[in-house]
Amino acid sequence: QMTELFDKQSTDEFALAVMLFFNQFSGHKVPWVQHSIDVTWEKGPYQNAKEIYSMISKCGPCITKCLADENCKACIDALDQIDTRDQVSSYRTVVSYESELLRDFSL
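Okay, so let's go over this structure.

Summing up its helical and strand segments, the protein chain has seven helices and zero strands in all. Walking the protein chain from its N terminus toward its C terminus, one meets helices and strands in the order α-α-α-α-α-α-α. Across the 107 residues that make up the protein chain, the buried fraction comes to 23%. Taking the intrachain contacts of the protein chain between residues at least 6 apart in sequence as the baseline, contacts between residues at least 24 apart amount to 41%. Accessible surface for the protein chain amounts to roughly 8,100 Å². Of this, 59% is attributable to carbon and sulfur atoms.

Written out as structure tokens, the structure reads:
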């Protein structure tokens, strides 16, 4: 992953790669990149279930509308291919699919 970020040759990706490197190899955790918002083994089943329940209970109707819309679903699929800790790539992806429905979903 760090190699891919360095290959993009931008300061944002370089900064993320450096933070990921230090998080992995320094013995100290870097809070900005320690955890992603994805379901992970590191967070454990209880925390993962809690986050999924919270998302569905608070945003269920917006999620349903977004997944039913072709453009919004395409954006979600594109975001699924990006490390959620990479906020620059996530932002660029959301902007490239911008719509009112996606705006409502992301609020």
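Here we come to a nonpolar patch on the surface. The grouping of F21, F22 and F25 at the surface amounts to a nonpolar patch, some 330 Å² of accessible area in total. Counting through the fold element by element, F21 comes out in helix α2 (residues 11-25). We classify F21 as partly exposed; its relative accessible area is 41%.

Two elements in contact, helix α5 (residues 70-80) and helix α6 (residues 87-96), have axes whose closest approach is 9 Å; the angle formed by their N-to-C orientations is 165 degrees. Viewed along their axes, α5 and α6 adopt a mutual orientation that is roughly antiparallel. Crossing of α5 over α6 shows right-handed handedness. For the pair α5 and α6, the contacting residues are C75, A78 and L79 in the first and S90, T93 and V94 in the second. In the contact of α5 with α6, the residues fall into four nonpolar, two polar and no charged.

Procedures and definitions
Residues numbered from 1 in each chain as written. Predicted model: local features only at pLDDT ≥ 70, side-chain atom pairs only at ≥ 80, totals over all residues. Heavy atoms only, no water. Helix = DSSP H or I, 4+ residues; strand = E, 2+ residues; numbered from the N terminus. Buried < 20%, exposed > 50% of the residue type's maximum accessible area, 1.4 Å probe, protein only. Contact = heavy atoms within 4.5 Å. Areas by Shrake-Rupley, 256 points an atom, 1.4 Å probe, with all protein chains shown as cover. Patch = residues over 30% accessible without salt bridge, like charges linked within 9 Å, V, L, I, M, F, W, Y side chains within 5 Å. Salt bridge = Lys/Arg side-chain N within 4 Å of Asp/Glu carboxyl O. Axes fitted to C-alpha atoms, helices over the stretch in contact; angles between N-to-C directions. Parallel < 35°, antiparallel > 145°, perpendicular 65-115°, else oblique. Left-handed = near helix turned anticlockwise from the far one by under 90°. Nonpolar A, V, L, I, M, F, W, Y, C, P; charged D, E, K, R; others polar.

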